[in-house]
Amino acid sequence: GSGSGSQLLDAAAAKAAAGGAAIVPATPEAAALSAADADDVPVGAPVCVFCARGAHPVCGRLIPVSPGCWAHVNCAMWSSEVFEKEAGVLYNMPSAVRRSVKKRCAHCHLPGASVGCFHKKCLAAYHFACARSLGCAYTPDDGRSTWCPLHAPLKAITPLPVRVSRSVAVNRSLRLHRADEGEAQQAAAAESVLLQVGQLKVLRLGRPQPARPQFHERHQIFPLGYTARRRFHDLARLPPATCEYSCKVGEHAGLPSFVIAHPTEPGLCFKSSTATGAWHALVNRRARVHGVRPLNLTPAQMQLEGALFFGLAVPAVAQLIEQLPGAKSCEGFHPRYSRPEAMQKVPPLPKSTNGCARADPYVKRSSQYKAAHSVYHRPFLNRGAIQSHKEKEEPAEGEEREGLLLRRREGESRSVGQLAALQSFSALQKLHYNVRVGRSPIHNWGLFTTCGIPKDAMVVEYKGEAMRNVLADLKEKKYGEGALRGQGGDCYMFRIDPETVLDATVKGNVARFMNHCCHPNCYSKVIEVDDDRGAVTVRRKHIVIFAQRDLEAGEEIMYDYKFGVEKEKIICHCGHPKCLGVMN
């Protein structure tokens, strides 16, 4: 109401007066003049982001600041935060706009004041037109320092100059937010984001077309009306500028139409009957405009990149699309990320022919047999398919040893410490009651909690046979050659310090069944505990797994293996939205 408005004006005047500024009382004539200037602006005409006026003889011409945002050349140049690093280019405009929104003019008491006094204790700020009418001065230096009438030095010059005959522009590499945030909030509310994966924003999932086979393939569905935004190189500006392209799936002549459109340039619109065609046209245009080398990809890789650009091949998005009504009814479509419940259940254990499992003879099973009869797991890959190298070069002897050292899990030796709660070896023996072994959706078997475990509490100890580095390298190479066929050729090693490695492949406990996750819920720590099993108490190092957050009962325990980077990649199946796709 009018009462609250007058209180704000009085508070602004008192605050400026406390800083020692020369405050001219806001007369009704000044307020009426400012209101008249705002009313004379035609509808749809550009206005200054600072003084909210249109074309003005004192403030100068209007220059573009950002799409849909303008500023008078004098209002921009004489703002306290704006400076010229090079002739004719104005920098730091976003700071000036953000400050002017909250700052009121000491003369007309309207927001948008950006011309401030350079005195240390003066808080006065003015519009450029108000500062010129009040007689504010400036000093002829490179910084364009402005002063109010009360604090103007002797060498200051008055009035502020109006004519700007040289070319002036705003640095376009800066991302300036509009001072009027109402339109931005309305636009954000209009396009609500359903899911965001990296630079991809999914706005609408669309509708599957079960009766139209051209809208789906064997492992992909192209829902009609699917809408997303993908940040990519801006073809309308120089590198490294980026923008959000609109990706839509429509219909044209009975076939799916994939459209990639620029947010502001209507001429930058790429259409095709396939996602690969639209993406390929966009990449070729960027190669011509920015002068970069075109991509040399196989047809299969191009098809994958096009689906990833639209988001249709991103596992998190594909899983949601497969759950839409009518997706399972598409003819010839086989879901990859949302199998029926009957296919996700653990297969029943085989019945014993003798009525007792211990009486059955031991049968060795190959790794191929175990892989064929293992429980189904979802192959999540967030960075596309990994190329299969058929011809691999034989590494040298030194490179082979280095690869073995990198493949071994590295314990967090930097967190070696002594826990006051662990005073004896017997305290670690009770940790195995916290976990159990069960079927895992990540890979065959996994480790699960039997009760709730709070954050930073001990979960389980990682046990194994301690050995030196040389012996560990020999055993790992032996395991890799298939020395333990009954165990599938897996190797479970954990480094406890630079000289010692724990091998849990043969002599270990249930902790070896922990699966890898790119976003784990547990972490490892090397601790020292008193071993009181013998006559003499000895202090030994142990690897203990701690909870990184609060764990619920029945939750799978996952840990980051921390493999080193290698040429031969190991696929990761953790299924987390931030999964890297590989473990090394």
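Below, the structure is looked at part by part. Just so you know, these numbers come straight off a predicted model, no measurement behind them. (Residues numbered from 1 in each chain as written. Predicted model: local features only at pLDDT ≥ 70, side-chain atom pairs only at ≥ 80, totals over all residues. Heavy atoms only, no water.)

1. Notes on the pairing of strand E25 (residues 538-547)
So, point 1. Pairing analysis gives four bridges linking strand E19 (residues 458-462) to E25, with the strands arranged antiparallel. Following the sheet pairing, Glu-461 is matched in E25 by Val-544.
So, point 2. The pairing of strand E24 (residues 522-531) with E25 spans ten bridges and is antiparallel. By the bridge assignment for E25, Ile-527 is matched with His-542. (Pairing = 2+ DSSP bridges. Helix = DSSP H or I, 4+ residues; strand = E, 2+ residues; numbered from the N terminus.)

2. Considering the state of the cysteines
So, point 1. All chains considered together, the criterion is met by zero disulfides.
So, point 2. Looking at Cys-75, it has no disulfide partner, and the nearest cysteine sulfur is the one in Cys-59, 4.0 Å off. (Disulfide = S-S within 2.5 Å.)

3. Some words on the sheet that holds E24
So, point 1. With antiparallel pairing, the three strands of this open sheet are ordered in space as E19-E25-E24. At either margin of the open sheet sits one strand with a lone partner, and together these are E19 and E24. Going from strand to strand, the sheet's axes swing by 40° on average, the running direction of each strand aside. (Axes fitted to C-alpha atoms, helices over the stretch in contact; angles between N-to-C directions.)

4. Section: the sheet that holds strand E13 (residues 242-252)
So, point 1. Strand order in the open sheet formed by six strands is E10-E11-E12-E13-E14-E15, and the pairing between neighbours is antiparallel. Only two strands of the sheet have a single neighbouring strand rather than two, namely strand E10 (195-197) and strand E15 (269-272). Shown here is a sheet whose adjacent strand axes are inclined to one another by a mean of 25°, direction ignored.
So, point 2. Two strands pair when backbone bridges link them, and strand E11 (residues 200-204) and strand E12 (residues 227-233) are joined in this way by four bridges, in the antiparallel orientation. Each residue of the ladder has a partner; that of Arg-204, found in E12, is Thr-227.
So, point 3. Here helix H7 (residues 275-290) sits on the sheet and contacts E12, E13, strand E14 (255-261) and E15; the angle it forms with E15, its principal contact strand, is near 145°. (Contact = heavy atoms within 4.5 Å.)

Fair warning: the whole summary comes from geometry, so function is off the table for now.
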